[in-house]
Amino acid sequence: MNICFLTDSIFSFGGVQRVTAVIAKSLAQNHQVTIVTLDTSDAEDTSLYGLSESNLHYRFFHYPKTNRIKLFFCKAYSYLYQRLLPQTRITSDFYAHSSFPSEKRKALTRELQQGHYDVIIGVHAPLAVRLASCRKGLQGVRLIGWIHNSYEALFGKHSLYIGPERERHYMFQLQKLHQTVVLCHYDAQRYPFPTQVIYNPLTLTPSAPSNGTSKRFLAIGRFSRLHKGFDLLIKAFHIFAQENREWMLDIVGQGEEESMYRQLIKDYHLENRIHLHPFTNDVQHYYSQAQVYVLSSRWEGFGLVLVEAMAHGLPVVSSDLPTSQEIMGDFGLYFTNGDVSDLARQLHAATRLHWSEKSRQALLTARRFSLDTITNEWLNILT
């Protein structure tokens, strides 16, 4: 089978990139797999995610420019669609063309035609919709959209991605694909058409399990606006630290909010208790050295770090996101999403756990997300 992953980026840090790389590598053991990426060729770094260890092929694609006059009319229609026009299948199809002009659509179609693929997987909702726009030029190819964010994060009132004004458009367009894959059953119920639920797999080889004696909380993720809730975590740790003088907090990541986090840490005089660390390919080291993992995210499509943390035997404190509860069930210690005081309360609770029993439960729960299991689920829908 000749498989293609169409993705914004594969040669950069991020959970989506890592999951895509791991699934692609696994499939490449028995199939021909190509990653078509919008990365620039000079960004190629196959040392990331062990890409160099597999027989993957890469193609670098860039959209041509649209002339200014055409772009003006495209933007005008896009504005009308989002603000004034009735959102029907017909107006959605026109919007699909205005938001993805013909020269870009034809260029992407030509690129994908060259690979003679049996299956093309559009990674992330926007590329899945663009893949749907190329359907007529890809007859005989199975087209799959792989949605990596939660329904609420994509289409909710406060969405930073797509927003409610384009929700119906995405629903109309995604139905043109042969299959749409989402990451949890809670989200699957919110789509107005059938979807396939496939969890993300454990994407790394765990190091030694934690021994549960370090008195260190750990959080990992991109320092992007609002998403991971590290601002909430720092504020909650400030409350926690007023009563607890021993535990520390390590946050691993990088991004545009780093300066804000550092300022919060400084304002709370916690420079000796909270430490920010850059991303690393050896993130297992931090899991092994931690005692409790904390997921403070305001939203998640799938909390991959939860699986990684449990695979290192870590108990988990998490915001009460549906996806977190689906992954962990009764295992997790949950706080009300966005509630700093409730998060501080659960940090205290985590220091009083029967740690060895929780660690054993963590290791057992993580087995559900083995790479072999998830790869077989993918193969079931690719064929």
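Above this note sits the structure.
This write-up is about the structure you can find in this document. Every value quoted in this text rests on a predicted model; they were computed, and no experiment measured them. For every chain, the first residue of the written sequence is number 1, and numbering continues from 1 onward in sequence order. Local features in this predicted model are restricted to residues whose pLDDT is 70 or higher, and side-chain atom pairs enter the listing and the counts only when it is 80 or higher, whereas totals over whole chains, interfaces and linings include all residues. In computing side-chain values, all of the structure's heavy atoms are included and hydrogens and water are not.

### Here's the deal with the pattern of salt bridges
Stage number 1. Every case where a carboxyl oxygen of Asp or Glu lies within 4 Å of a side-chain nitrogen of Lys or Arg is listed as a salt bridge. Throughout the structure, instances matching the rule amount to twelve salt bridges.
Stage number 2. With a shortest N-O distance of 2.5 Å, Glu111 and Arg59 are connected by a salt bridge. With Glu111 in helix α4 (residues 102–114) and Arg59 in strand β3 (residues 57–60), the pair connects residues that are 52 residues apart, well separated along the chain.
Stage number 3. Here Glu111 falls in the buried class, since its relative accessible area comes to 7%.
Stage number 4. Per-residue accessibility, obtained with a 1.4 Å probe over protein chains only, is compared with the maximum for each type, and a residue is labelled buried under 20%, exposed over 50%, and partly exposed between these values. A residue is classified by how much of its surface remains accessible, and Arg59, at 34% relative accessible area, is partly exposed. We count a stretch as a helix when DSSP gives it H or I for four or more residues in a row; a strand needs E for two or more, and each element gets its number in order from the N terminus.

### Side note on the state of the cysteines
Where two cysteines share a covalent bond between their sulfur atoms, that bond is called a disulfide.
Stage number 1. Any two cysteine sulfur atoms within 2.5 Å of one another count as a disulfide. Counted according to the given criterion, the structure contains zero disulfides.
Stage number 2. With no disulfide partner, Cys134 has as its closest neighbouring cysteine sulfur the one in Cys4, 11 Å distant.
Stage number 3. The class of Cys134 is buried, set by a relative accessible area of 1%.

### Notes on unusual backbone geometry
Glycine aside, the phi torsion of most residues is negative, and most peptide linkages are trans.
Stage number 1. You will see that His124, though not glycine, has its phi angle at about 90°, which is positive.
Stage number 2. Position of His124 relative to the elements: it lies in the loop between β4 (119–123) and α5 (125–133).

### Points about α5
Stage number 1. Every buried residue belonging to α5 is among Ala125, Leu127, Ala128, Val129, Leu131 and Ala132, and all of these are buried.
Stage number 2. In this fold, the buried residues of α5 make contact with β1 (2–7), α4, β4, β5 (142–146), α6 (151–155) and α7 (167–174). It only takes one pair of heavy atoms within 4.5 Å for two residues to be counted as in contact.

### Looking at the packing of aromatic side chains
Stage number 1. Stacked, tilted and edge-to-face pairs are distinguished by plane angle, under 30 degrees for stacked and over 60 for edge-to-face with tilted covering the rest, among Phe, Tyr and Trp rings (Trp via its six-membered ring) whose centres lie within 6.5 Å. Throughout the structure, instances matching the rule amount to 26 aromatic pairs.
Stage number 2. Where Tyr63 meets Phe100, the ring centres are 5.7 Å apart and the plane angle is 85°; that geometry is what we call edge-to-face. With Tyr63 in the loop between β3 and α2 (68–83) and Phe100 in the loop between α3 (89–99) and α4, this residue pair connects regions lying 37 residues apart in the sequence.
Stage number 3. On the basis of relative accessibility, which here comes to 22%, the residue Tyr63 falls in the partly exposed class.
Stage number 4. Judged by centre distance (5.9 Å) and plane angle (35°), the ring pair of Tyr199 and Phe302 falls under tilted. Note that Tyr199 is positioned in the loop between β7 (196–197) and β8 (216–220) and Phe302 in the loop between β11 (292–295) and α12 (304–311), a separation of 103 residues in sequence.

All quantities given are derived from atomic positions and should not be read as evidence of function.
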